[in-house]
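# Working through the structure, step by step
These are the residues of each chain, in order.
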Amino acid sequence: MTNYAFDKTIEKEVLENYLARSATAAFFIHTKTMEDDLRAIKNLGIKFIGRASGIWEPDADDEEHFRKSKYLADRVHEIDPEIILQACIFEAVYRHIENFKVPAYVFEAFGLTPEDRGFDFEAMRFPEEPKGFIWGEDGALPDINNIETRMWFYYRATKYIDAGYEAFHMGQIHLYTANDRGMVKMAELMDMIRAYGTQHARRHKILMDAHSHGISIRGKLLLDYHAMPFTRYPVLDRLGEKNVLVREGFSEGGLNPNGWSAEAMPYLMEYDNWGGKVLEDFDSISYEERAFKDWWGYDQIGWFANQDEEGQRHFLEYTYKWTAINNVNAYFEIPFRRTIDRAAVRMERADTGEMDLQDYYQINTKSPACPMGFSQEETIKKLWATGDALRKKAGNPIHLIEYGAKDTFDEETGMKLPQKIVVYGSFQPYVGAIQNDSNSEITRMYYIGDNTYTLSVVIPYAGEYDYAISTYGTLSATYCYDTYPRSGSSNKAYFKVDKDNTVVRFRYKFIDHIVTVEVFED
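The rules behind the values
- Residues numbered from 1 in each chain as written.
- Predicted model: local features only at pLDDT ≥ 70, side-chain atom pairs only at ≥ 80, totals over all residues.
- Heavy atoms only, no water.
- Helix = DSSP H or I, 4+ residues; strand = E, 2+ residues; numbered from the N terminus.
- Rg over C-alpha atoms; globule rule 2.2 N^0.38 Å.
- Buried < 20%, exposed > 50% of the residue type's maximum accessible area, 1.4 Å probe, protein only.
- Contact = heavy atoms within 4.5 Å.
- Areas by Shrake-Rupley, 256 points an atom, 1.4 Å probe, with all protein chains shown as cover.
- Lys, Arg positive; Asp, Glu negative; His and termini not counted.
- Charge placed at Lys NZ, Arg CZ, Asp CG, Glu CD.
- Pairing = 2+ DSSP bridges.
- Axes fitted to C-alpha atoms, helices over the stretch in contact; angles between N-to-C directions.
- Parallel < 35°, antiparallel > 145°, perpendicular 65-115°, else oblique.
- Left-handed = near helix turned anticlockwise from the far one by under 90°.
- Nonpolar A, V, L, I, M, F, W, Y, C, P; charged D, E, K, R; others polar.
- Core = buried A, V, L, I, M, F, W, Y, C linked by side-chain atoms within 4.5 Å.
- Patch = residues over 30% accessible without salt bridge, like charges linked within 9 Å, V, L, I, M, F, W, Y side chains within 5 Å.
- Salt bridge = Lys/Arg side-chain N within 4 Å of Asp/Glu carboxyl O.
- Phe/Tyr/Trp six-rings, centres within 6.5 Å; stacked < 30°, edge-to-face > 60°.
- Lys NZ or Arg CZ within 6 Å of the ring centre and 35° of its normal.
- Polar contact = N/O pair within 3.5 Å; in protein donor to acceptor, adjacent residues only side chain to side chain.

## Brief notes about the overall build of the protein chain
- Of regular secondary structure, the protein chain possesses 12 helices and 29 strands.
- A compact globule built from 522 residues would reach a C-alpha radius of gyration of about 24 Å, and the protein chain, at 23 Å, matches this within 12%.
- C-alpha atoms of the protein chain, sized along the principal axes, occupy 70 × 60 × 50 Å.
- A buried classification covers 58% of the 522 residues belonging to the protein chain.
- When contacts within the protein chain are restricted to residue pairs at least 6 apart in sequence, those whose partners lie at least 24 apart make up 68%.
- Total accessible area on the protein chain stands at roughly 21400 Å², and carbon and sulfur atoms take up 49% of it.
- Computed over 59 positive and 82 negative side-chain charges, the separation of the two mean positions in the protein chain equals 4 Å.

## A closer look at the sheet that holds strand 11 (residues 226-229)
- Overall, parallel pairing links the 3 strands, which are arranged 11-16-17 in an open sheet. Each edge of the open sheet carries a strand with a single partner, namely strand 11 and strand 17 (330-332). On average, each strand axis in the sheet is inclined to that of its neighbour by 30 degrees, with strand direction left out of account.

## Remarks on the packing of helix 2 (residues 34-44) against helix 3 (residues 62-79)
- Where helix 2 meets helix 3, the axes come as close as 10 Å, and the angle between the chain directions of the two elements is 40 degrees. When the interaxial angle is binned, helix 2 and helix 3 end up oblique. As for the relative orientation of helix 2 and helix 3, their crossing is right-handed in sense. Taking contact as the criterion, the partners of Met34, Glu35, Leu38, Ile41 and Lys42 in helix 2 are, on helix 3, Tyr71, Leu72, Arg75, Val76 and Ile79.
- In terms of residue class, the contact of helix 2 with helix 3 is built from 7 nonpolar, no polar and 3 charged.

## Thoughts on the nonpolar core
- Of all hydrophobic cores here, the largest spans 131 residues; its most connected members are Ile49, Trp152, Tyr165, Phe168, Met186 and Phe336.
- For this core, the element with the highest residue contribution is helix 5 (residues 147-163), accounting for 9 residues.
- Setting aside its immediate chain neighbours within four residues, Trp152 contacts Ile55, Val93, Ile97, Phe100, Phe119 and Met124.

## Thoughts on the sheet that holds strand 6 (residues 139-140)
- Strands sit in the order 4-6-5 across an open sheet of 3 strands; the sheet is antiparallel. Where the open sheet ends on each side, the last strands, each with one partner, are strand 4 (93-94) and strand 5 (134-135).
- Where strand 5 and strand 6 come together, 2 bridges link them in antiparallel fashion. Across the sheet, the residue bridging to Ile134 is Ala140, located in strand 6.

## Comments concerning the packing of helix 5 against helix 7 (residues 184-200)
- Packing of helix 5 against helix 7 leaves a shortest axis separation of 10 Å and a crossing angle of 20 degrees. As summarised for this structure, helix 5 and helix 7 are arranged roughly parallel, according to the angle between their axes. Helix 5 and helix 7 meet at a crossing whose hand is right-handed. On helix 7, the residues touching Arg150, Phe153, Tyr154, Ala157, Thr158, Ile161 and Asp162 of helix 5 are Lys185, Leu189, Met192, Ile193, Tyr196, Gly197 and His200.
- Tallied by class, the residues present in the contact of helix 5 with helix 7 amount to 8 nonpolar, 3 polar and 3 charged.

## Here we look at a nonpolar patch on the surface
- Together, Tyr233, Leu236, Val244, Tyr287, Phe292 and Ile434 make up an exposed nonpolar region whose accessible area comes to about 470 Å².
- Turning to its location among the elements, Tyr287 is positioned in helix 8 (residues 287-291).

## A short note on the pairing of strand 23 (residues 446-449)
- Judged from the 3 bridges that link them, strand 23 and strand 24 (residues 452-459) form a sheet pairing that is antiparallel. Residue pairing for strand 24: Gly449 is matched across the bridge by Thr452.
- In sequence, strand 23 turns back onto strand 24 through a hairpin of 2 residues, with Asp450 there showing a positive phi of about 55 degrees.

## Structural notes on the packing of aromatic side chains
- In total, this model carries 47 aromatic pairs according to the counting rule given.
- The rings of Phe230, Tyr271, Trp295, Trp303, Phe304, Phe315, Tyr318, Trp322, Phe332, Tyr361 and Phe374 are connected pair by pair, giving a single aromatic cluster.
- The ring of Phe282 carries the charged tip of Arg290 above its face, separated from the ring centre by 4.3 Å.
- Of note, Arg391 hangs over the ring of Tyr331, and the distance from its end group to the ring centre comes to 4.4 Å.

## Some points on the side chain of His513
- Relative to the assigned elements, His513 resides in the loop between strand 28 (502-509) and strand 29 (514-520).
- In this structure the side chain of His513 is engaged in a polar contact, spanning 3.4 Å, whose partner is the side chain of Tyr479.
- Polar contacts involving the side chain of His513 include one to the side chain of Tyr508, which spans 2.7 Å.
- Sequence-distant contacts of His513, that is, excluding residues within four places in its chain, are made with Tyr479, Asp482, Thr483 and Tyr508.

## Observations regarding the pattern of salt bridges
- Within the structure shown, the criterion is met by 46 salt bridges.
- A salt bridge links Lys12 to Glu16; the shortest N-O distance between them is 2.7 Å. A residue pair is termed a helical-turn pair when its members lie 3 or 4 positions apart in one helix, as Lys12 and Glu16 do in helix 1 (residues 12-19) at 4 residues.
- On the accessibility criterion, Glu16 (16% relative accessible area) is buried.
- Here Asp74 and Lys70 are joined by a salt bridge, their closest N and O atoms 2.8 Å apart. Of this pair, Asp74 and Lys70 both sit in helix 3, separated by 4 residues, roughly a single helical turn.
- In this structure Asp74 comes out as partly exposed when scored by relative accessible area, which is 35%.
- Within the structure, one salt-bridge network assembled from shared partners comprises Arg95, Glu98, Glu122, Arg125, Glu129 and Asp138.

## Some thoughts on the environment of Ala385
- With respect to the helices and strands, the residue Ala385 is situated in helix 11 (residues 377-385).
- Distance from Ala385 to Ala167, taken between C-alpha atoms, is 25 Å for residues 218 residues apart in sequence.

## Some points on the environment of Glu188
- For Glu188, the position within the fold is in helix 7.
- The exposure class assigned to Glu188 is partly exposed, which follows from its relative accessible area of 39%.
- Measuring from C-alpha to C-alpha, the distance between Glu188 and Arg150 comes to 9.5 Å, with 38 residues separating the pair along the chain.

The structure is reproduced here in structure tokens:
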């Protein structure tokens, strides 16, 4: 009998049992097929439902949002009270949140006198206004150093806990903590959320993850487990828009918030989304060029949803086996429900027989109760029935090639240094690597002490090239022209060499996030 019991703390085995039966169900509170979704959850035996509630842009009525969140939690727990529901607290705030009143208990939790006011959007923004952190007049990436941001995060967490949620995905944590040196304020906030959970959560425990390879402060981990999207490489010698997955990253080890230690923490891997399509017009570029534009011009779930039924079945099986073999501490968070936005799929409805656009991927077996399901329930049931046999029998070791910085901590803040730092960009093919491969071992940097990583290369041909630095080899936090992190592959800086066969040296200093490029033309 699989153990799913916990109270106040969760053992490693129990946590892994949940992650092994995890599914991402983005903005589940807005589903139009609730009854069939509940049937599918029970049929599959899902135990962890990720991203079930949360906002990117706020709903008009925040109280109604939390009423819907509680209704969903109540309905899910009717079919299985052991299920963990996760809510999202994202790295996005909009002026509209000024319409949401700050409860008195939130002021009091931060030692402030209660006021009759809404949340202050302006007080959350980064005062330095880094490029890409301010979105016009009414949207921004919030700065966790600002107490107003921490109040907003705490407010949302407490409301979700009261609604029956026991886990939080904290989004791109390395972005909104850019000014929080050593993540001091973030750690304080997470302690506050956990303390509230100890008093009010269903099982007196709150689990937190984020898109991160891990945050270790003097050997103690900030997150209960980690979460990462997949990385792909396009395949050009097969018909269709095929991808293979690329081994990347590392889930940081240390002392877990639940009191146990491990060399590497468990973590989730998912098909991520960022708008569905990244190209408006596929015909404007060549087939080969499109192959390298994210996932063939789509985001991850958009590409997956636009494969035919057999293509989806094949890739689900491939992903499940690939994850078990290549990342033995990772678990594939299956796509149960995920927005595909501009990558909407045109399909025949099972209820009317008419053609319609489906802008969410739904794993449900297609039927009148879920007229635009993608019919992959049975695929997942077969995969989950195999259990951990493949992982135990054929999984690769977790150890990385040594480039330095193993078990090295910043003296001032106590933060653990990443073992893997990669410089990537358009220059990579000229040094024997794949262009824009943020995970490349060929352009991996060497640690030389004093929080500093370095790599020298010979550029054989004069020209201008772009570059960026990826931490842990992936795109959750990249750096180049300033000290602020970005996510994704588009943010780059440039260097220029005027002569053939020029030596270029890249340097990156952790904590300060200073990147330098030196050109040696003699």
